[in-house]
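Structural overview
Now for the letters of each chain:
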Amino acid sequence: MPWVRQSCFRCGRNLEHLDLEYYQETLPLCGNCLNSAPQYHSLASVFYYQYPLPKLIHKLKFGRKLYLAKSFGYLLSKRVGDQNKPLPEALIPMPLHYTRQRNRGFNQSMEIARSVSQSLGIPILSSVCQRVRATQAQSTLKAKDRQKNVKNAFSVDHLNGLHHIAIIDDVVTTGSTVDELSKRLYQQGVKIIEVWCICRASLT
Ligand SMILES: [Zn+2]
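Reading the values: the criteria
Residue numbers run consecutively from 1 along every chain, following the written order of its sequence. Given that this is a predicted model, residues contribute local features only at a pLDDT of at least 70 and side-chain atom pairs are listed and counted only at 80 or more, while totals for whole chains, interfaces and linings are drawn from all residues. Strands here mean DSSP runs of E at least two residues long; helices mean DSSP runs of H or I at least four residues long; both are numbered from the N terminus. All radius of gyration figures rest on C-alpha atoms, and the globule criterion is 2.2 Å times the number of residues raised to 0.38. Throughout, a residue-residue contact means that the two C-beta atoms, derived from backbone geometry, are no farther apart than 7 Å. To form a nonpolar core, buried Ala, Val, Leu, Ile, Met, Phe, Trp, Tyr and Cys residues must be joined through C-beta atoms within 7 Å. Counting other C-beta atoms within 10 Å of a residue's C-beta gives its exposure: the residue is buried at 20 or more, exposed at 12 or fewer, and partly exposed in between, where C-beta atoms are placed from the backbone. Note: two strands are recorded as paired if DSSP finds a minimum of 2 bridges between them. Orientation is described by lines fitted to C-alpha atoms, with helices fitted over the stretch in contact, and by angles between N-to-C directions that extend from 0 to 180 degrees. Crossings are sorted by hand: turned counterclockwise from the far helix by less than a right angle, the near helix makes the crossing left-handed, and turned clockwise it makes it right-handed. Three categories are distinguished: nonpolar for Ala, Val, Leu, Ile, Met, Phe, Trp, Tyr, Cys and Pro, charged for Asp, Glu, Lys and Arg, and polar for the others, with Gly belonging to the last. Multiplying one less than the number of residues by 1.5 Å gives the expected span of a helix.

On to the overall build of the protein chain, then. If you tally the helices and strands in the protein chain, you get eight helices and six strands. The C-alpha atoms of the protein chain give a radius of gyration of 16 Å, which matches the 17 Å a tight globule of 204 residues would have. Pairs at least 24 residues apart make up 75% of the contacts formed inside the protein chain by residues separated by at least 6 positions.

Structure, rendered in structure tokens:
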């Protein structure tokens, strides 16, 4: 399995080619994030989006193999539970537009969040974020069009003084979607946003 072993703590980009002991880095940062960091504070991923993950994620989403969400969530909770830092107060699953959720019958990020919540004892905020625009599937678009595609895609309700949250997502590719949701969450007073995902595309 393509486990993530050494990645940029801000964006999750693969940094396995770097000798971090030489640099004495405890929180490795990639060159892209030095120039322009993402909106969210950090990203933790279990796997890179390489074989066999695209196949497994497809089985989960389109083959309704929900047991995969349970296992993925368990692995994710192991990954983030070992980080030796305060855990977030709540989990926010990446929302789907309701027509997509209705067609699929479930939201895979919610199913993953349920399993993380069970392992780490962090509550899920399931209805504070809505996807208000039915956007084109990000996987069909190039990087710069992805940013445009998700602009103003979300609405977020008042979060009652929540300070630290984690967004749960299945696959993060360029990060434009989590970036856009992060902007809305900051507007509601959140101060620290972590992204916890199952897969991070390794080449972006
Ligand atoms: Zn980075």
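A few words on the nonpolar core. Proteins that are soluble and globular tend to have nonpolar side chains buried together. The biggest cluster of nonpolar side chains holds 40 residues, and the ones touching the most others in it are Ile167, Ile168 and Ile198. If you list the elements that add at least two residues to this core, you get β1 (42-48), α3 (53-62), α4 (67-81), β2 (90-93), α6 (108-120), β5 (164-172), α8 (176-187) and β6 (192-200). Those residues in contact with isoleucine 167 that sit more than four places away from it in its chain are Ile92, Met94, Val178, Leu181, Ile193 and Val195.

A few words on the sheet that holds β5. Pairing in this open sheet of four strands is parallel, and the strands run β1-β6-β5-β2 from one edge to the other. The open sheet terminates on both sides in strands that have one partner only, identified here as β1 and β2. Taken over all neighbouring pairs, the strand axes of this sheet differ in orientation by 20 degrees on average, direction set aside. As paired elements, β5 and β6 share eight bridges and run parallel to each other. From the neighbouring strand, isoleucine 168 faces β6, where its bridge partner is tryptophan 196. Across the sheet, α6 lies against β2, β5 and β6, angled at about 130 degrees from β5, the strand it touches most. Strand contacts of α8: β5 and β6, with the helix running at about 160 degrees to β5, the strand carrying the most contacts.

This brings us to the pairing of β5. Judged by how many residues are buried, β5 sits mostly within the fold: eight of nine residues are covered. Across four bridges, the pairing between β2 and β5 is parallel. Bridge pairing in β5 links alanine 90 to isoleucine 165.

The next point concerns the packing of helix α7 (residues 143-150) against α8. In a packed pair of helices, the relevant descriptors are the angle between the two axes and the axis-to-axis distance. It is at 9 Å that the axes of α7 and α8 come closest, and there the two elements cross at 35 degrees. Crossing hand, α7 versus α8: right-handed. Note on element contacts: α8 touches α7 through Ser176, Thr177 and Glu180, opposite Arg146, Gln147 and Val150. Partitioning the contact of α7 with α8 into residue classes produces one nonpolar, three polar and two charged.

Before going further, it helps to spend a moment on α8. Taking 1.5 Å per residue, 12 residues should reach 16 Å; α8 reaches 17 Å between its end C-alpha atoms and fits that length. Looking only at α8, the buried set comprises Ser176, Thr177, Val178, Leu181, Ser182 and Leu185. The secondary structure elements touched by the buried residues of α8 are β3 (129-131), α7, β4 (154-156), β5 and β6. Once α8 finishes, glycine 189 follows within two positions and takes phi at roughly 95 degrees, a positive value.

Further remarks concern the environment of glutamine 136. For glutamine 136, the position within the fold is in the loop between β3 and α7. Contacts of glutamine 136, omitting those with residues within four sequence positions, involve Leu141 and Asn149.

Going from tyrosine 51 to proline 52, the amide bond is cis rather than trans, its omega being 5 degrees. As for its position among the elements, proline 52 is in the loop between β1 and α3. Even without being glycine, arginine 64 reaches a positive phi, approximately 55 degrees. Not every positive phi belongs to a glycine, and asparagine 152 is a case in point at roughly 55 degrees.

What follows covers the environment of glutamine 138. Residue position: glutamine 138 is located in the loop between β3 and α7. When the 18 C-beta atoms within 10 Å are taken as the criterion, glutamine 138 is described as partly exposed. Each C-alpha atom of the pair glutamine 138 and asparagine 149 lies 7.7 Å from the other, and the pair is 11 residues apart in sequence. When residues no more than four places from it in sequence are discounted, the contact partners of glutamine 138 are Arg146, Asn149, Thr173 and Thr177.

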